[in-house]
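Chain by chain, the residues:
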Amino acid sequence: MFFDATILIESEVRWRDDYDYLKGRGYTLRTRYHPNWQPSWVNPSKVEEECEDSYHIPTHQVLDATRTDGSIVVLKRVDTTRPQNDLPILQHLSSQEFTSNPRNHCVPIIEVLEPREGSSIAYVVMPLLYDPDHPAFETIGEVLSFWKQMIEGLHYMHEKLITHGDCKFGNFMADTQHLFDSPPHPSRLRMRRDFSGPSKQLASRTLKPVKYYLIDFGLSKVYQPEDAPFLRQAPWGGDKTIPEFRDLAYDDAPLCDPFAVDVYCLGNYLRQTFLDGYDHGQFRTGHPKGFEFLRELITDMVNEIPSKRPQMVEVSCRFDAILAKQGSLKLRSPIVSTDAHYEFSDWVSHWSTQLIRIARRIPAIPRP
């Protein structure tokens, strides 16, 4: 589909219209959304693809911005009149009870800009996060740090009787800004956000541990003990493989245990991303080698029968037990994809680095 970068699409116009308001509240949007914006590449000496303002937003509800203190954050547009807006649950999860607990991995709120008079749109200010695999994982231990935090985070939510409701690709994120010389541009990761040059990775996750977060709580729900047995009308969420309502029409969808659905979705995400790859019909994507030792746990998490899936407390305990059995060399092994070739020189470089880290007693599993 052809995209004319000189024209703002409908969702971008909304951001442009609020540019001055947001700047007055301390948040400056990209140049593209300035009310008087003109494409910079109309200058014959510039190439469109090399101009920062040629890139539109991939998600209409979310846009990065610069605070007055120079930090880069994300603004999320929330229509407070919509039943499934996630502002109430975000505020609940950002209470002192949650933010003070290190097991909490729900994305924190920096600030909420309440709707202006006559508007229903609020802006939630959050940290700028990136996909978990940017930059690329270097070792199995780094990946397991990600697994550990996501399992811990969902376990903590369930312990508080809160379901996420949409544990799928795109709703697991990483705070990796500190690994780069300058924050990568959200729409073109290889460039700095201001397009002053390439964004260069300066450190690995092993040396500078990363914190991972669950995001997008529009389908989350808080339960009370007296609500048991916990049931929810299906279907919901972005994972279309959930056995409870995979092949059912909406009118035929049953009441389901939302906690068991969360377990399935997290397990399915981990299975597709790190064990089996994603099935696209005629082909299957590559995936990292070396994670078969977690196959049994993941298989149980995605059991077709909800009642046979482990609860998150069991998932967490089993995962920790499996982790404790892994030796240093296993944890420091490189991430090699099934669809990639790893040269001998790559092995030499990798293990030379790992031997130095072993000598320096740097943990194989980074802990933020």
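Just so we're clear, the structure is a prediction, and the values are computed from it rather than from any experiment.

Colleague: Hey, could you go over helix H5 (residues 140–159) for me, with residue numbers and the actual values?
Modeller: Each full turn of the α-helix corresponds to 3.6 residues, which orients residues three or four apart in the same direction. Counted at 1.5 Å a residue, the expected span for H5 with its 20 residues is 28 Å, and the 28 Å between its end C-alpha atoms agrees. In terms of residue burial, H5 counts as a mostly covered element, since 19 of its 20 residues are buried. Downstream of H5 by a residue or two, Leu161 has a phi angle that is positive, lying close to 60°.

Colleague: Quick rundown of helix H10 (residues 344–359)? Include the residues and the values.
Modeller: Here H10 is 16 residues long and its end C-alpha atoms lie 23 Å apart, about the 22 Å a rise of 1.5 Å per residue gives. Looking at H10, one finds that the buried residues are His350, Gln354 and Arg357. Looking down the long axis of H10, one finds its buried residues gathered within 55° of arc, a one-sided arrangement. Those residues of H10 that are exposed and aimed more than 90 degrees away from the buried face are Phe344, Leu355 and Ala359. Backbone geometry just downstream of H10 places Arg361 in the positive-phi region, at approximately 60°.

Colleague: Got a sec to walk through the packing of H5 against helix H8 (residues 312–324)? Specific residues and values, please.
Modeller: Relative orientation of the contacting elements H5 and H8 amounts to 155°, with a least axis distance of 9 Å. Relative to H8, the element H5 lies roughly antiparallel. Judged by the twist between their axes, the crossing of H5 over H8 is left-handed. Contact residues: H5 offers Leu144, Trp147, Lys148, Ile151, Leu154, His155 and His158, while H8 offers Met312, Val313, Val315, Ser316, Phe319, Asp320 and Leu323.

Colleague: Describe the nonpolar core, with residues and values.
Modeller: Judged by nonpolar contacts, the single largest core of 69 residues is most densely connected at Phe146, Trp147, Phe217 and Leu266. Within the residue set of this core, elements represented by two or more residues are helix H3 (87–93), strand S5 (121–127), H5, strand S7 (172–175), strand S10 (211–214), helix H6 (258–276), helix H7 (295–301) and H8. Per-element tally for this core: the top contributor is H5, with 10 residues. Apart from the residues within four sequence positions on either side, Trp147 is in contact with Leu270, Phe274, Leu294, Ile298 and Phe319.

Colleague: Report on unusual backbone geometry, specifying residues and quantitative values.
Modeller: Glycine aside, a negative phi is what most residues show, and trans is what most peptide bonds show. The peptide bond linking His134 to Pro135 adopts the cis configuration, its omega dihedral lying at 0°. Examined against the element boundaries, Pro135 turns out to sit in the loop between S5 and H5. Along the chain, Ala228 connects to Pro229 via a cis peptide bond; the corresponding omega equals 0°. Tracing the chain through its elements places Pro229 in the loop between strand S11 (221–222) and strand S12 (232–233). You will see that Phe195, though not glycine, has its phi angle at about 60°, which is positive.

Colleague: Quick one: what's the story with the pairing of strand S3 (residues 72–79), residue by residue and with numbers?
Modeller: Burial analysis of S3 places seven of its eight residues in the buried class, which makes it a mostly covered element. Note: strand S2 (residues 62–67) against S3, five bridges, orientation antiparallel. In the strand pairing of S3, Leu63 is matched with Leu75. In this structure, the hairpin formed by S2 and S3 is closed by a connection of four residues, where Gly70 is found at a positive phi of approximately 95°. As judged from the seven bridges shared by S3 and S5, these two strands associate in the antiparallel manner. Residue pairing in the sheet places Arg77 in a bridge with Tyr123 of S5.

Colleague: Kindly report on the sheet that holds S2, identifying the contributing residues and their values.
Modeller: Strands sit in the order S1-S2-S3-S5-S4 across an open sheet of five strands; the sheet is antiparallel. Of all the strands in the sheet, the pair left with one neighbour each is strand S1 (27–28) and strand S4 (111–113). Where S1 meets S2, two bridges bridge the pair, whose relative direction is antiparallel. Its bridge partner lying in S2, Thr28 is registered against Thr66. On the sheet, helix H1 (residues 10–17) packs against S2, S3 and S5 and is oriented at approximately 110° with respect to S3.

Colleague: How would you summarise the side chain of His350 if you had to cite specific residues and measurements?
Modeller: Relative to the assigned elements, His350 resides in helix H10. Ignoring any residue separated from it by four or fewer positions in sequence, one finds His350 in contact with Glu138, Thr139, Arg332, Ser333, Pro334 and Tyr342.

Colleague: Hey, could you go over the pattern of salt bridges for me, with residue numbers and the actual values?
Modeller: Oppositely charged side chains can form a pair if their charged atoms are brought close together. The final tally for this structure, using the stated rule, is 23 salt bridges. Among the salt bridges present, the one from Arg295 reaches Glu292, with a minimum N-O distance of 2.8 Å. Classification of Arg295 by relative accessible area gives partly exposed; the value is 25%. For the salt bridge of Arg318 with Glu314, the shortest nitrogen-to-oxygen distance reads 3.5 Å. In this pair, Arg318 and Glu314 are both assigned in helix H8, four residues apart and thus about one turn of the helix distant. Look at the salt bridges and you will find they share partners, linking Arg30, Glu52, Asp64 and Arg193 into a network.

Colleague: Could you give an account of the environment of Asn36, with specific residues and numbers?
Modeller: Structurally, the position occupied by Asn36 is in the loop between S1 and S2. Relative accessible area serves as the criterion here: at 62%, Asn36 is assigned to the exposed category. Taking the C-alpha atoms as reference points, Asn36 and Arg16, separated by 20 residues in sequence, lie 9.3 Å from one another.

About the criteria used
Residues numbered from 1 in each chain as written. Predicted model: local features only at pLDDT ≥ 70, side-chain atom pairs only at ≥ 80, totals over all residues. Heavy atoms only, no water. Helix = DSSP H or I, 4+ residues; strand = E, 2+ residues; numbered from the N terminus. Expected span 1.5 Å × (residues − 1). Buried < 20%, exposed > 50% of the residue type's maximum accessible area, 1.4 Å probe, protein only. Arc of directions from axis to C-beta. Axes fitted to C-alpha atoms, helices over the stretch in contact; angles between N-to-C directions. Parallel < 35°, antiparallel > 145°, perpendicular 65-115°, else oblique. Left-handed = near helix turned anticlockwise from the far one by under 90°. Contact = heavy atoms within 4.5 Å. Core = buried A, V, L, I, M, F, W, Y, C linked by side-chain atoms within 4.5 Å. Pairing = 2+ DSSP bridges. Salt bridge = Lys/Arg side-chain N within 4 Å of Asp/Glu carboxyl O.

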